[in-house]
Amino acid sequence: MMNSENRATVLYAVALLAAALAAPVVLNVNTMGVVKLLWSALDAEQITYLFDACLRLVALNTLRAFPIYLGAFTLAGLRPAKPGLRGFAEGLVVPAVVVPLEYIAINWVYGIAYDFRLPAVLSIVAVAAVLRMGQTEVAEERWKAASIVAILVGGLQWLDLTPALTAWGFGHGEISMDVKVAATVMGAAPLLNHYTVAVCVLLVFMGLLLSKVMIDYRAHIRLVEEDRHRSVELARMQAEAVQARTQREVDSLAHDLRTPLTTISGLASALADFPGDTDPSDISVYAGLISDAADRIDVMIREMLSGGAMQQIEAAEFARRLASHLPEEKTGGAVSFDIGGNLPSVSINVTRMIRALVNLVDNALDAGASRVTVSFSREGDSLAVSVADDGEGMSERDLAHCCEAGFSTRSSTGLGLPFVIAVIREHGAAFSISSAADTQLRPAPASRKASRRGTVCRILLPIPEEEEADDEPE
C-alpha cells in the first residue's frame, strides 16, 4: 500500500507530465518567434538572426522536454536504487517507457511529432548517470534533481542543431532541419557545428560540476552533523565528569567532616550521660575540643565554597591529611609518602589542594603505574610537593598537550589536570610536569627495562613571608 510520501511523489510526477502535455499551447515556434527569425536570417543574410533562432528553439525544446524527463525520473525514484550496472540499467526502464508515451500523447493531442531517437535516448542515459553519480534522490531532493535535469536536457538539445550530427540521428524534427538547412544556405554550417557542440559540452560540464558540488555539500553536511554529535557527546561526558568530581568532593568533605563530628558527638554524649560526675576542668577541656572541632567544620565548608579561603597549616600536618585520603584499601598500597625534615607551614585551601593532589595520584594509577611516591621537601622559599610514578610516561606530543582541557590519552574527558592547574593558580604556586626514563626518576630494580618511562608532577607552594622571617638565623 502506498504511503503518504509516495502519494505526494506520484502527484508531483503526474503534475509535471500534465504540465508537459499542456506546454505546447503556449510554448510553440510561433510564440517564440523562431520561424520569423529564420526568414529574417535568410532575407538579410545575418548570422546573428540565425543564432538567435537557434537559441530560442533550444529554449523552447528544453522548456517542453524538461517536465517530461523530470516527471519520468521522479517516478523511477519511487524504487530504491540498486548498486551496480544492473541497478543502473533497471533505473532506465521507467524513463524509457514514460518519455516516449508522453511524446505519443502530445502528438495525438497537438499533432506535434517529438523526435524520440538517439538524442532522447542519450538524454535519458546522461541524466540517469549524473543523478546516480551525484547520489541524488529525485523524489526527496527535488530542486537538486530539477537543476541537473534542466542543465543536461538543455545542453543535449543543442546537438539537434549540429549539422554534422544529422546523419547520426540528431535533429530530425521539422524546425531543427529548417535551421540546419538555413545554416547551410548561408554558409554558416561549420560555425554552427562548433558553436552547438561547444555550448553542449559547457552545459554538460556544468551538470557534472553541479553533481560534484552536491556530493561535496552532502559530505560537508555529514561532517558537520558528526562534529555536532561529537560536540554534544563531549559536552555530555564533561558534564558527567563535573558531576563525578562534585560527588568526589562531597564524599571527601563527608570524610573530613566525620572526624570533628565524631569528636563533637562523643564529647557531647559524655557530658549528657554524666552531667554531675564530670570534673569542671574536664568540662572546660571538652568544651575547647568541641569548639575546635566546630571551627574545623566551619573552615572546611568555607574552603569548599570559596577557592580563595586559605588557612595556615604545617606541611607535615597537610601531608598527614592527604595520606588519610589515600588509604591502602583504596590504592592497594601503591602510594607511599616521603616527608622531609624542616618543613615550613603554608597558607593553602586544604580541601581543594588535597583534591588536586588526589587527582594527580589517580591519574598515575589510571595510567598503569604500580608505584606512586608523594614527596614533601623545602626548596628555598617554597614547599615542593611532587607526585612521581613508574608508569609508561608520556610522549613529547602528549606532554605538550596534556594540560589542555579535553585532551586525554585514555578516552576520558581530559578535565582532571586542568582542574589541578586551576587550583594551583589559585594559590599563586608553580606547576611543572616531566616524563623521563624510569631509571632517571628514581632507583629501580635491575630487571626493569631502562626504556620504561614515568611521570613527575611538581608543585612549588610559596612560603608566607612571616614563616620565612621566623626561619632566618638571629
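Quick caveat: nothing in here was measured; it's all calculated off a predicted structure.

Basis of the calculations
- Residues numbered from 1 in each chain as written.
- Predicted model: local features only at pLDDT ≥ 70, side-chain atom pairs only at ≥ 80, totals over all residues.
- Heavy atoms only, no water.
- Helix = DSSP H or I, 4+ residues; strand = E, 2+ residues; numbered from the N terminus.
- Buried < 20%, exposed > 50% of the residue type's maximum accessible area, 1.4 Å probe, protein only.
- Salt bridge = Lys/Arg side-chain N within 4 Å of Asp/Glu carboxyl O.
- Polar contact = N/O pair within 3.5 Å; in protein donor to acceptor, adjacent residues only side chain to side chain.
- Contact = heavy atoms within 4.5 Å.
- Phe/Tyr/Trp six-rings, centres within 6.5 Å; stacked < 30°, edge-to-face > 60°.
- Expected span 1.5 Å × (residues − 1).
- pLDDT = per-residue confidence, 0-100.
- Axes fitted to C-alpha atoms, helices over the stretch in contact; angles between N-to-C directions.
- Parallel < 35°, antiparallel > 145°, perpendicular 65-115°, else oblique.
- Left-handed = near helix turned anticlockwise from the far one by under 90°.
- Nonpolar A, V, L, I, M, F, W, Y, C, P; charged D, E, K, R; others polar.
- Core = buried A, V, L, I, M, F, W, Y, C linked by side-chain atoms within 4.5 Å.
- Arc of directions from axis to C-beta.
- Patch = residues over 30% accessible without salt bridge, like charges linked within 9 Å, V, L, I, M, F, W, Y side chains within 5 Å.
- Areas by Shrake-Rupley, 256 points an atom, 1.4 Å probe, with all protein chains shown as cover.

1. Structural notes on the overall build of the protein chain
Point 1. Each helix and strand counted, the protein chain has 18 helices and 7 strands in total.
Point 2. Burial status across the protein chain gives 41% buried among its 474 residues.

2. So, the pattern of salt bridges
Point 1. This structure, assessed with the given rule, holds 8 salt bridges.
Point 2. A salt bridge links Arg-320 to Glu-317; the shortest N-O distance between them is 2.5 Å. Separated by 3 residues within a single helix, Arg-320 and Glu-317 lie in helix α12 (residues 315–324), roughly one turn from each other.
Point 3. Between Glu-379 and Arg-458 there is a salt bridge; the shortest N-O distance is 2.4 Å. Within this pair, whereas Glu-379 is found in strand β4 (residues 372–379), its partner Arg-458 is found in strand β7 (residues 453–462), the two being separated by 79 residues in sequence.

3. Describing the side chain of Thr-166
Point 1. Mapped onto the elements of the fold, Thr-166 is located in the loop between α8 (142–157) and α9 (174–185).
Point 2. At 2.8 Å, the side chain of Thr-166 forms a polar contact with the side chain of Lys-180.
Point 3. Among residues more than four places away in sequence, those in contact with Thr-166 are His-172, Met-177 and Lys-180.

4. Section: the packing of aromatic side chains
Point 1. Inspection of the entire model under this criterion finds 4 aromatic pairs.
Point 2. Between Tyr-103 and Tyr-114, the ring centres sit 5.0 Å apart and the planes meet at 80 degrees, which makes this aromatic pair edge-to-face. Residue Tyr-103 is located in helix α6 (residues 93–110), and its partner Tyr-114 is located in the loop between α6 and α7 (118–133); the two are separated by 11 residues in the primary sequence.
Point 3. For Tyr-103, a relative accessible area of 8% gives the class buried.

5. Brief notes about helix α14 (residues 350–366)
Point 1. A rise of 1.5 Å per residue sets the reference length of α14, with its 17 residues, at 24 Å; its end C-alpha atoms lie 24 Å apart and thus fit the reference within 8%.
Point 2. Among the 17 residues of α14, 13 are classified as buried, and the element is accordingly described as predominantly covered.
Point 3. Taken from the residues just after α14, Gly-368 is the one with a positive phi, measuring 100 degrees.

6. Examining the confidence of the model for the protein chain
Point 1. Of all residues in the protein chain, 80% attain a pLDDT of 70 or more, and the chain-wide mean is 81.
Point 2. Put simply, helix α17 (residues 438–441) is where the protein chain has its lowest mean pLDDT, 41, and β4 is where it has its highest, 93.
Point 3. Note that residues 437–452 has pLDDT below 50 and, in this model, 29 contacts with residues that lie over four places away or in other chains.

7. Observations regarding the packing of α12 against α14
Point 1. At a closest axis distance of 10 Å, the pairing of α12 and α14 adopts a crossing angle of 55 degrees. Taken as axis vectors, α12 and α14 run oblique relative to one another. The element α12 and its partner α14 pack so that their crossing is right-handed. Contacts between α12 and α14 involve Phe-318, Arg-321 and Leu-322 from the first element and Val-350, Met-353, Ile-354, Leu-357 and Val-358 from the second.
Point 2. Per-class residue counts for the contact of α12 with α14 are 7 nonpolar, no polar and 1 charged.

8. Let's talk about the packing of helix α5 (residues 84–91) against α7
Working note: a packed helix pair is described by the angle between its axes plus the distance between those axes.
Point 1. Closest axis-to-axis distance for the α5/α7 pair is 10 Å, and the angle between their directions is 130 degrees. Between α5 and α7, the angle is such that the two are oblique. Two packed elements cross with a definite hand, and for α5 against α7 that hand is right-handed. Residues Gly-84, Gly-87 and Phe-88 of α5 form the contact with α7, whose participating residues are Val-125, Ala-128, Ala-129 and Arg-132.
Point 2. Along the lines of polarity and charge, the residues of the contact of α5 with α7 split into 4 nonpolar, 2 polar and 1 charged.

9. Section: the nonpolar core
Point 1. Counting residues in hydrophobic clusters, the biggest one holds 37 residues, and the most contacted among them are Phe-318, Leu-357, Phe-376 and Leu-461.
Point 2. Counting residues per element, the ones that place at least two in this core are α12, β3 (345–348), α14, β4, β5 (382–389), α16 (416–426) and β7.
Point 3. Take this core: its biggest share by element is 9 residues, from α14.
Point 4. Contact partners of Phe-376, with chain neighbours within four places excluded, come to Phe-318, Ala-319, Leu-322, Phe-337, Asp-338, Ile-339, Gly-340, Leu-343, Leu-383, Ala-384 and Val-385.

10. A few points about unusual backbone geometry
Point 1. In this structure, Glu-45 takes a positive phi of about 50 degrees despite not being glycine.
Point 2. Tracing the chain through its elements places Glu-45 in the loop between α3 (34–44) and α4 (47–76).
Point 3. Overall, Glu-45 belongs to the exposed group, its relative accessible area being 63%.
Point 4. Here Asn-342, not a glycine, exhibits a phi torsion of approximately 55 degrees, which is positive.
Point 5. With respect to the element layout, Asn-342 can be found in the loop between β2 (335–339) and β3.
Point 6. Judged by relative accessible area, Asn-342 falls into the exposed class, the value being 63%.

11. Remarks on α9
Point 1. Over its 12 residues, α9 extends 17 Å from the first C-alpha to the last, a length consistent with the 16 Å expected when each residue adds 1.5 Å.
Point 2. Where α9 is concerned, the buried positions are Ile-175, Ser-176, Val-179, Lys-180, Ala-182 and Ala-183. Along the axis of α9, the buried positions cluster into a sector of 155 degrees, meaning they face one direction only. Turned more than 90 degrees from where α9 packs its buried face, Glu-174, Thr-184 and Val-185 sit exposed.
Point 3. Positive phi appears at Gly-187, one or two residues downstream of α9, with a value of about 75 degrees.

12. What to know about a nonpolar patch on the surface
Point 1. On the surface, a cluster of nonpolar side chains totalling about 550 Å² of accessible area is made up of Val-25, Val-26, Trp-108, Val-109 and Tyr-110.
Point 2. For Tyr-110, the location among the structural elements is in helix α6.
Point 3. Classification of Tyr-110 by relative accessible area gives partly exposed; the value is 31%.

13. Regarding the environment of Arg-320
Point 1. A relative accessible area of 48% places Arg-320 in the partly exposed class.
Point 2. Considered as a pair, Arg-320 and Phe-337 are 17 residues apart in the sequence and their alpha carbons are 9.4 Å apart.

14. Some thoughts on the environment of Leu-17
Point 1. Structurally, the position occupied by Leu-17 is in helix α1 (residues 4–22).
Point 2. In the structure, Leu-17 is positioned 48 residues away from Ala-65 in sequence and 9.7 Å away in space, judged by C-alpha atoms.
Point 3. Setting aside residues no more than four positions away along its own chain, Leu-17 makes contact with Pro-67, Ile-68, Gly-71, Ala-72, Leu-75, Val-98 and Glu-102.

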